[in-house]
Every structure is written in structure tokens, then in C-alpha cells.
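Fold and geometry: a report
One letter stands for each residue in the lines below.
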Amino acid sequence: MLLQFKFKNYKCFYDETILDLVATQEKRHLESTIDVNGNKILPVIEIHGANASGKSSVLEALHFMFEIIKMSNKIDINNDLPTFTFAFNNKKNENSEFEVSICLDDYEYRYGFSMNKDGFDEEWLYKKKFSSTTKTVQKIVFERVKDHINFGSSYDEYKKIWNLFSNNANSSTKKLLILSNVAIKEEKGILRDIYDYINKFNFRVESVFEPQSSLNILYKNNLLYEKFQNIIREFDPCLLGIKIDKNSDGTSYKISGIHQNIDDNSHMLLPLQYESDGTIKIFNIMPIILYNLEVGGLLCIDELDVKFHPLLFKKIVNMYKDKNINKNKAQLIYTAHSTFLFNSENLRRDELYLIEKDTYGKSKLYSLSEFRNLRVDADYEKRYLTGKFGAIPYEDE
């Protein structure tokens, strides 16, 4: 489970930015939080802000970090590392920093790195027992500063694996991450567990129609296919379902909506591209959501509310808050313009985040829980839309 994400100097976020999924002391909607050894973890985060404020960039920062981890063992060391630093200053090769805290098997792991186009200057991994009742000590798994690397006393096996890379005279490790490159050599263990969790991460950008992921899920999982069909029928009464047929080439698929002929009640098929934008988006995203809820892990969706009826939008969010549905502690982080759920009846204050950009182009991320005098029964939506919380395009005089 994701506990916290920190990053710095990425796109419009120049200063250290924190997205925290550990619940505050707020008592509202405790039943929807996820309990881990007495700690309350949030299943959803909703992010609001004006256009071009940086909402998508928060998700992209997490996606960028995870993609760097996934691809580190495939990077050509003769090429520059990809970077997306803050644009409006003269420090073009200043380091970007990324760090996640995750909980796996009752332990909290804090992993991060500092990087520029020339390589990784720092990398670190710490471990401690994740408990709300017992004071635990953080232990070093490894620390890296430039060429100096220190492995914890209990992790000599990682040192041996890393030395296979660092002692190779024909190879440079400056552009390689310890986590990624040691994990792929490990069948079981801490680094492999963290690496596998990161590979569960899924990121969806609204308006991008990528049917292949949905096809792979629906074609192989009859249970999820039936759940998906039920949701389709619930929110589009004239759509009886979605039919997926494999084409004669054996590799591509034909996707059609099933409709009823008004003349004889027979079934008629309409190619998916002729269905509504909302139906296409349901097909693009809902199987990913159902799969995420089944296996656990983290899902990020940009502009989840766009092209969805508010009740479908609410249903998706409530699925993550329902422990009878979300049995494997899946988490959802999404951006939205709709304020339909921006109230205390639907979400906790610490589940609502806002982004505001200043005149220098720097964005700031903050939680509604930071407004200390805000009552839980206050009208959040009205206060937000009238500029009391910031993070809107303009404020009326």
C-alpha cells in the first residue's frame, strides 16, 4: 500500500511536495479507511485545481518515478536520463527527487532517489515495522551517495549482487538504480517485493482510448467480464452488454455494443467506436478498475469524472471505500473538476487535495485537512467555489 509520495523539482513543482495517504485524526468515515496494524490508510485521494495548475503533474510525477524504476535495468548508459525539471529558473541540471513510503507485509519501506540527466546522485531504502502501538527503529537497507554505497549489516546478499554490476570494468553504474537491478536477480526478498508492487501500478490519462488493456482483462477473466457487463447495463439501459470477438487473424479483436432491434427484439451489434464517448470511456477504464480492486495495488486516473454521470463517478469511488468490494486494499488517486463529491458526506478532509499555482509558475499541493478551523459539517463545495481554499482560476472581487 502507498503511504506517502514526496517529490521535488518536477515540472511545475519546484519545492518539496507531499501526497500523504496516512489518515489524520479525523473521525469521519473511519469505516472506509484501511486498517493496517492499527494505522488508518486512505483508499482514495481526490485532487482539485484550476486548468494548468498541475493536477496531472502530480500523477505524472509518481508515474515517472515508477517508470524509471521499471526501466532502470534497460537504460542505455550512453544516453542521458530523462528529466522534467522546473522550467522557470537557470538551474537546468538541478537534481529532481522522488520518494515513496509503502507498506508491505506489516513493514514500512521508504525508498527514493535524487537524479539529473547524468545519473543518480543519491538512492536510499529504509525499513521499519509498521505499527501504531510500538515505537519502531528505522533500519538501513542501503544508502547511496555518489559512488559511496552502504548496505545494512543484514543485507550482505544485496551487496554481493550489486558488486556484479559495479565491479564490471566495461559498465558504469551511475545511471543504474540499485533497487531495479538487484531486484531482477532476486527470486524472493525485500527488493523483489517492492519492485513487484511498483509493477502493479497503473496510470490512465483521460481521453486516451487504449482498448488493449481492457481486452486483455475481459477476455481472460469471466468473473470480471460479468461484473463489467452489469455496470454497463446499469448505466446505459439501451446497451445490453459488450461483445468481444477475436478476428480471423487470431490476434486482434472486434468490440461491439449489444442493442435490441425495435422491430423483432433481436440483438444488433454496433461497433464500439460508434458508441457514446461515455460508453467508450467506461470500456477503457472500468475493467482496469475492477482488476485493480481484485488484485490490489495502486491506480491513478486523470480526470476520472469527465464523460461520466455523477452517479457512476460516485459509484467508482465508493467501490474503493467499500471493504466488501475492496478486499485487497487497492487505492485510487484521481484528479477531478466536478465538485459532486467535494463534501463531508462523501469524502474525508484528508482525502481532498488542492493545487494552486503562483505567478512564478510554481505549484503547491495541500490537503483540506490543513485548514484547522474547518468544521467537518461545513459546506466544502461552496467555500471552494468562492475561493476560500484557493486553487480556482480566479476569485471574484
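Residues numbered from 1 in each chain as written. Predicted model: local features only at pLDDT ≥ 70, side-chain atom pairs only at ≥ 80, totals over all residues. Heavy atoms only, no water.

1. Observations concerning the sheet that holds strand β5 (residues 44-49)
Within a sheet, each strand pairs with its neighbour through backbone hydrogen bonds, oriented either parallel or antiparallel. The strand order β11-β15-β16-β5-β17-β18 describes an open sheet built from 6 strands, whose pairing is mixed. Every other strand in the sheet has two partners, leaving β11 (202-205) and β18 (363-367) as the edge strands with one partner each. When strand polarity is set aside, the average angle formed by the axes of neighbouring strands in this sheet is 15 degrees. In this structure, β11 lies alongside strand β15 (residues 298-302), joined through 4 bridges in parallel fashion. By the bridge assignment for β15, R204 is matched with I301. (Pairing = 2+ DSSP bridges. Helix = DSSP H or I, 4+ residues; strand = E, 2+ residues; numbered from the N terminus. Axes fitted to C-alpha atoms, helices over the stretch in contact; angles between N-to-C directions.)

2. As for the packing of aromatic side chains
Considering all chains together, one arrives at 24 aromatic pairs under this definition. Ring plane angle 75 degrees and centroid distance 5.9 Å describe the contact between F228 and F283, whose orientation is recorded as edge-to-face. Note that F228 is positioned in helix α6 (residues 222-235) and F283 in helix α7 (residues 277-295), a separation of 55 residues in sequence. Each member of the pair, F228 as well as F283, carries the same accessibility label: buried. Cluster of aromatic residues (ring-pair linked, three or more members): Y10, F64, F84, F98, Y111, F113, F120, F142 and F151. In this arrangement the basic side chain of K281 is found over the ring face of F308, its NZ or CZ atom lying 4.8 Å from the centre. Taking NZ or CZ as reference, K364 lies 5.7 Å from the ring centre of Y366, over its face. (Phe/Tyr/Trp six-rings, centres within 6.5 Å; stacked < 30°, edge-to-face > 60°. Buried < 20%, exposed > 50% of the residue type's maximum accessible area, 1.4 Å probe, protein only. Lys NZ or Arg CZ within 6 Å of the ring centre and 35° of its normal.)

3. A closer look at the sheet that holds strand β6 (residues 96-104)
Taken in spatial order, the 7 strands make up an open sheet running β2-β1-β6-β7-β8-β9-β10, and their pairing is antiparallel. On the outer flanks of this sheet lie β2 (17-20) and β10 (148-151), each paired with one strand and no other. Averaged over all pairs of adjacent strands, the angle between strand axes in this sheet comes to 10 degrees, irrespective of strand direction. Against the sheet, helix α4 (residues 190-200) engages β1 (2-8), β6, β7 (107-116), β8 (119-129) and β9 (139-145), with an angle of about 105 degrees to β6. (Contact = heavy atoms within 4.5 Å.)

4. Re the pairing of β2
Residues T17 and L19 of β2 are buried on one face, while the alternating residues I18 and D20, pointing to the opposite face, are not. Where β1 and β2 come together, 4 bridges link them in antiparallel fashion. Note that in β2 the partner of K6 across the bridge is I18.

5. Structural notes on the environment of A183
Mapped onto the elements of the fold, A183 is located in helix α3 (residues 178-183). By relative accessible area, which is 0% here, A183 ends up buried. Each C-alpha atom, one on A183 and one on N346, is 40 Å from the other, the two residues being 163 residues apart in sequence. Sequence-distant contacts of A183, that is, excluding residues within four places in its chain, are made with I178, L191, R192 and Y195.

6. Side note on the pattern of salt bridges
Taken as a whole and assessed by the stated rule, the structure comprises 17 salt bridges. The salt bridge partner of K243 is D245, with a shortest N-O separation of 2.7 Å. Exposure remark for K243: the relative accessible area of 31% places this residue in the partly exposed category. A single network of salt bridges, built from pairs that share partners, joins K6, E99 and R110. (Salt bridge = Lys/Arg side-chain N within 4 Å of Asp/Glu carboxyl O.)

The quantities given are spatial measurements derived from coordinates; they are silent on function.
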